[in-house]
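# Descriptive analysis of the structure
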Amino acid sequence: MTTNAAELKHIWQPLDIGPMRVDHRVMATGHTQLYGVDELISDRHVAYYRERAMGGASLLVLEQQAAHPSGMNYDQGCIAWEPRVVPMYAKLADAVHEFGTQQMVQLFCCGAQGLSTMFVDRFRPLWAASPIPSSVYNERPKAMEKDDIHELVEHFGRSAFNVMTAGLDGVEIHAAHSQLLGEFLSPAFNKRTDEYGGSVENMCRIVIEVGEEIRKRVGDEIAVGVRLSADEFLGEIGIRGDDFEAQLDVLAGSGLFDYFDISGGGYHTLHVAVAPMNAQPEGFLAPYSERAKEVVGHRAKIFVVGRILSLELADEIVGKGQADMVAMTRAQIADPHHIRKRREGRGDEIVNCAGINFCIERLVDNREVTCALNPVTGREERWGDGTLELVPPGREKKVAVVGAGPAGMKLAGLAAKRGHAVTVLEQAAEPGGNFNLIKQLPTRSGWQIAIDNLTRPLDSLGVDVRLNQEATPSSLEAGDWDAVVVATGATWSGSGASPYRPERDAIPGVDQDNVIDVGAAIRRAVDDPASLGARVLILDETAGDLPLGLAELLVDAGATEVEVLTPQLLVGEDTMKTLDMAYLFPRIVGKGVTLTSQYFVEKIDGDAVEVYDVWGGPRRSVTVDTVVLAQFKDPNDALWQSIRHNGFKEVHRIGDCVAPRKPAAVVYEGEQLGREI
Ligand SMILES: Cc1cc2nc3c(=O)[nH]c(=O)nc-3n(C[C@H](O)[C@H](O)[C@H](O)COP(=O)(O)O)c2cc1C
């Protein structure tokens, strides 16, 4: 972070958006947290938004709130149409206004992007523009009849009235991302032949009716905007440049709206809507918002979003006139204080978004959102600003942390910030642990951001990081530490043991030289890919991106027959949840990698691998040079076992060496112990 953020010329200008004035140009667009209780936003929501207001955002848009009963698609989602929402909305308004931040509410309905059986007490058909099932939920919705449309429009008006009554600053009509109103705007989802389909005016009609109803209820008291997908990235069947510009012209011409929030993608292309690591260049939607500004002119303000990670880029976008407001949404999910830290010259302390999309993975699992790299997110009441307790004078400890992986480094930073004298002992030549392995794969270099988040603050906090230092029981004893924290991580298993074959401990043949674990395989593939041969079978039970990245690395280096095979329902199933799948799969399939699911390995005999269909279908023999096992990790707990009863004053164990898990889980443990030790 070289630039002094205070010197940026464009973003610190205030802006009037209808009746609402924002202090500057950096905001967060609506993003769902799933902290709802009894269909209302909760104190966890209030704490979440308060933290981001305190952290310097000028404008926040509350997570999508269903404007009608047909529109709910998450278990812990919230509603907006009933007056009982007002008290919690008012609490939210007070909390963010304390910091001069404006708070809007996004009103939505899910359309086909839901399930009729979501809520046990009110099974009801989905409502959509046309009876076209979602590619994600796969249920045929009911095409809305005119009465349904009138009811829906009326509910949007009621919802906006509640927002205004609570003292919030505006409403955003969600008409992007193939949600209900977005479906009306999309040629892929709207096949209607009545006045709501066909021409541009007809397709925009429902959004305009919603806008009119809202204005009837709120007048000009609060701001009203619309979120749109400028391109659904579906080729000629979806919304594209020309359709979008024509729609924008019609919507702006209605005079109803104070702004348009330009996004992209839909449910077929969620990897564009919330672009995962390396999938899109930073600020990739700015050319679309630039066109939007040309089309809309002075009729409304234009917001833009899309992998904007730095205030410098935000400033450039505003400076070039590509947008009036710039959203840095995941940047502020990852660090609620991103803006404030930059303004205060504390850029080194920022937890930057690496695009891991664990936040989205949580949503897909219908669980509360948090950030893999910042455990404070979603836990603001417990761990927000001002909660870190300094060590009382005289109680500082000399702490040794064994392992500079994510858990160890997270702990080291916090413990040092509290006042302890912290030394990190790492046997490898660089910090980062498992993240160092992943970052070497094609499309995964963003993991370096995650490593940098952890290492960058350590120097100024006085943490002594000693690389190439193996800690042993005797070296630790000699160190005279007040506390030792073992964070020695985990190593990929090479046994082939699997829950798919509970009766055996290993795959016959795993001890052959041509069978290696995925960690060793990646290290070799980076240095000398030819050493793995041209024919490689990767047995995957991780469900993640590691085997896929290895496969790509190998075919890029000339391997001719690379197959990723899994007993699970899908290869790389978790990549669907992080939205990587639609980005990664075409890459590797296009490069000739074979993906096989619901198959497992019976045995390995020389270069012959016998594989079989897990449901009892055909068996076949694959001829390979190398078999790679990407299944489970074994905890590196030998050090812990040998020192736990050795008379150290205080010994702790955190992270993968307790049980190998996802990064979010081990970073969380680092945060927790770092605050308590
Ligand atoms: C966890 C999460 C939840 C989201 N929920 C919504 C939502 O409720 N409504 C919406 O319009 N967009 C939603 N989005 C999309 C964001 O508003 C934003 O467009 C997207 O994250 C891209 O911006 P970024 O690259 O700055 O993060 C969500 C994104 C994330 C990461």
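Around the ligand, a shell composed of 21 residues is seen, among which Gly30, Thr32, Gln106, Arg307 and Arg330 lie nearest. Side-chain polar atom of arginine 227 to an oxygen atom of the ligand: 2.8 Å apart, as the coordinates give it. Across the complex, the protein chains shield 96% of the 610 Å² of accessible surface that the ligand would expose by itself. Listing elements by their share of the shell around the ligand, those giving two or more residues are helix H10 (329-334) and helix H12 (358-364). By residue class, the composition of the shell around the ligand is eight nonpolar, 10 polar and three charged.

Quick look at the pattern of salt bridges now. Under the criterion given, the structure shown has 53 salt bridges. The shortest N-O distance in the salt bridge between arginine 215 and aspartate 220 comes to 3.8 Å. The residue glutamate 671 makes a salt bridge to lysine 410 at a minimum N-O spacing of 3.9 Å. Here lysine 410 lies in helix H14 (residues 406-418) and glutamate 671 lies in helix H23 (residues 663-676), a separation of 261 residues in the sequence. The burial state of glutamate 671 is the same as that of lysine 410; both residues are buried. It is possible to trace a salt-bridge network through shared partners that takes in Arg501, Glu503, Arg504, Glu602, Lys603, Glu610 and Arg619.

Here the focus is the domain arrangement of the protein. Annotation of the protein at the domain level lists domain 1 (5-383), domain 2 (398-492 + 635-676) and domain 3 (515-631). For domain 1 and domain 2, the distance between their C-alpha centroids amounts to 38 Å. Taken together, the 20 residues of domain 1 in the interface contact 21 residues of domain 2. The contact between domain 1 and domain 2 buries some 1,700 Å² in all, and 58% of this surface belongs to carbon and sulfur atoms. One can count one salt bridge joining domain 1 with domain 2. Between lysine 662 and glutamate 361 there is a salt bridge whose closest N-O contact spans 2.5 Å. Looking at the side of domain 1 that touches domain 2, the elements with two or more residues in it are H12 and helix H13 (380-383). Here the side of domain 1 that touches domain 2 is composed, by residue class, of 12 nonpolar, three polar and five charged.

As a packed pair, helix H1 (residues 43-54) and helix H2 (residues 86-97) sit with axes 8 Å apart at the nearest point and diverge in direction by 20°. Between H1 and H2, the angle is such that the two are roughly parallel. Crossing of H1 against H2: the hand is right-handed. Residue-level contacts link Asp43, Val46, Tyr49, Arg50 and Ala53 of H1 to Met88, Lys91, Leu92, Ala95 and Val96 of H2. Of the residues that constitute the contact of H1 with H2, the class distribution is seven nonpolar, no polar and three charged.

An order of S16-S15-S14-S17-S28 is seen for the five strands of this open sheet, with the pairing classed as parallel. This sheet does not close on itself; its edge strands, each paired only once, are strand S16 (464-466) and strand S28 (651-653). When strand polarity is set aside, the average angle formed by the axes of neighbouring strands in this sheet is 15°. Where strand S14 (residues 398-402) lies against strand S15 (residues 421-425), five bridges are found, and the strand directions are parallel.

Within the secondary structure, valine 26 is located in strand S3 (residues 26-28). Its relative accessible area of 0% is what places valine 26 among the buried residues. Sequence separation of valine 26 and valine 326 is 300 residues, and the distance between their C-alpha atoms is 5.1 Å. Apart from the residues lying within four places of it in its own chain, the contact partners of valine 26 are Ile11, Ala57, Ser58, Leu59, Leu311, Ala314, Met325, Val326, Met328, Gln332 and Ile339.

Right, let's get into a nonpolar patch on the surface. On the surface, Leu569, Leu570, Met576 and Trp615 cluster together into a nonpolar patch covering about 450 Å² of accessible area. Mapped onto the secondary structure, leucine 570 falls in the loop between strand S21 (561-566) and helix H20 (573-577).

Each turn of an α-helix holds 3.6 residues, which means side chains three or four residues apart point in the same direction. Under the 1.5 Å per step criterion, the end-to-end length of helix H6 (residues 241-253) is 18 Å for 13 residues, consistent within 8% with the ideal 18 Å. Among the residues of H6, those classed as buried are Phe244, Glu245, Gln247, Leu248, Val250, Leu251 and Ala252. Along its buried surface, H6 packs onto helix H4 (180-185), helix H5 (200-218), strand S10 (223-229), strand S11 (259-263) and helix H8 (286-296). At the exit of H6 stands glycine 255, carrying a positive phi of roughly 70°.

This part covers the sheet that holds S21. A sheet is described by the order of its strands in space; here five strands give the open sequence S19-S26-S20-S21-S22, paired in parallel fashion. One side of each edge strand has no neighbouring strand; the edge strands of this open sheet are strand S19 (515-517) and strand S22 (594-597). Strand-to-strand twist across the sheet, computed as the mean angle between neighbouring axes with direction ignored, equals 20°. Taken together, the five bridges between strand S20 (residues 535-540) and strand S26 (residues 626-630) define a ladder with parallel strand orientation. Paired with aspartate 540 across the two strands is alanine 630, which belongs to S26.

A few words on the nonpolar core. Ranked by internal contacts, the top residues of the largest apolar core, which has 124 residues, are Tyr89, Phe156, Ile214 and Phe260. When residues no more than four places from it in sequence are discounted, the contact partners of tyrosine 89 are Ile41, Leu62, Gln65, Ile79, Ala80, Val105, Asn162, Val163, Ala166 and Leu168. Counting 67 residues, the second largest nonpolar core, distinct from the first, contains Phe435, Ile451, Val555 and Val562.

This paragraph deals with the pairing of strand S4 (residues 59-66). Buried residues dominate S4, accounting for eight of its eight residues. Examined bridge by bridge, S3 and S4 share two bridges and lie parallel to one another. When the sheet's bridge partners are listed, alanine 28 is paired in S4 with leucine 60. Bridge count between S4 and strand S6 (residues 102-108): six bridges; the pairing is parallel. The residue bridging alanine 66 from the neighbouring strand is phenylalanine 108, located in S6. Taken together, the two bridges between S4 and strand S5 (residues 78-79) define a ladder with parallel strand orientation.

What follows concerns unusual backbone geometry. Non-glycine residue asparagine 357 carries a positive phi angle of around 60°. Within the secondary structure layout, asparagine 357 lies in the loop between helix H11 (338-343) and H12. A positive phi is found at asparagine 366, a non-glycine position, where the angle reads about 60°. The residue asparagine 366 is located in the loop between H12 and H13 in this model.

Right, let's talk about the packing of aromatic side chains for a bit. Under the counting rule described, the total for this entry stands at 11 aromatic pairs. Here the aromatic rings of tyrosine 48 and tyrosine 49 are separated by 5.1 Å at their centres, their planes lie at 70°, and the arrangement is edge-to-face. Summarising the aromatic geometry, the rings of tryptophan 383 and tyrosine 668 are spaced 5.3 Å apart at their centres and angled 45° between planes, so their arrangement reads as tilted. Here tryptophan 383 is found in helix H13, whereas its partner tyrosine 668 is found in helix H23, with 285 residues between them in sequence. Of the residues examined, tryptophan 383 reaches a relative accessible area of 7% and is grouped as buried. Its end group placed over the ring of tryptophan 481, lysine 398 keeps NZ or CZ at 4.8 Å from the ring centre.

Criteria and cut-off values
- Residues numbered from 1 in each chain as written.
- Predicted model: local features only at pLDDT ≥ 70, side-chain atom pairs only at ≥ 80, totals over all residues.
- Heavy atoms only, no water.
- Near = heavy atom within 4 Å.
- Polar contact = N/O pair within 3.5 Å; in protein donor to acceptor, adjacent residues only side chain to side chain.
- Areas by Shrake-Rupley, 256 points an atom, 1.4 Å probe, with all protein chains shown as cover.
- Helix = DSSP H or I, 4+ residues; strand = E, 2+ residues; numbered from the N terminus.
- Nonpolar A, V, L, I, M, F, W, Y, C, P; charged D, E, K, R; others polar.
- Salt bridge = Lys/Arg side-chain N within 4 Å of Asp/Glu carboxyl O.
- Buried < 20%, exposed > 50% of the residue type's maximum accessible area, 1.4 Å probe, protein only.
- Domains from an automatic or database assignment.
- Contact = heavy atoms within 4.5 Å.
- Buried area = accessible area lost by both parts, 1.4 Å probe.
- Axes fitted to C-alpha atoms, helices over the stretch in contact; angles between N-to-C directions.
- Parallel < 35°, antiparallel > 145°, perpendicular 65-115°, else oblique.
- Left-handed = near helix turned anticlockwise from the far one by under 90°.
- Pairing = 2+ DSSP bridges.
- Patch = residues over 30% accessible without salt bridge, like charges linked within 9 Å, V, L, I, M, F, W, Y side chains within 5 Å.
- Expected span 1.5 Å × (residues − 1).
- Core = buried A, V, L, I, M, F, W, Y, C linked by side-chain atoms within 4.5 Å.
- Phe/Tyr/Trp six-rings, centres within 6.5 Å; stacked < 30°, edge-to-face > 60°.
- Lys NZ or Arg CZ within 6 Å of the ring centre and 35° of its normal.

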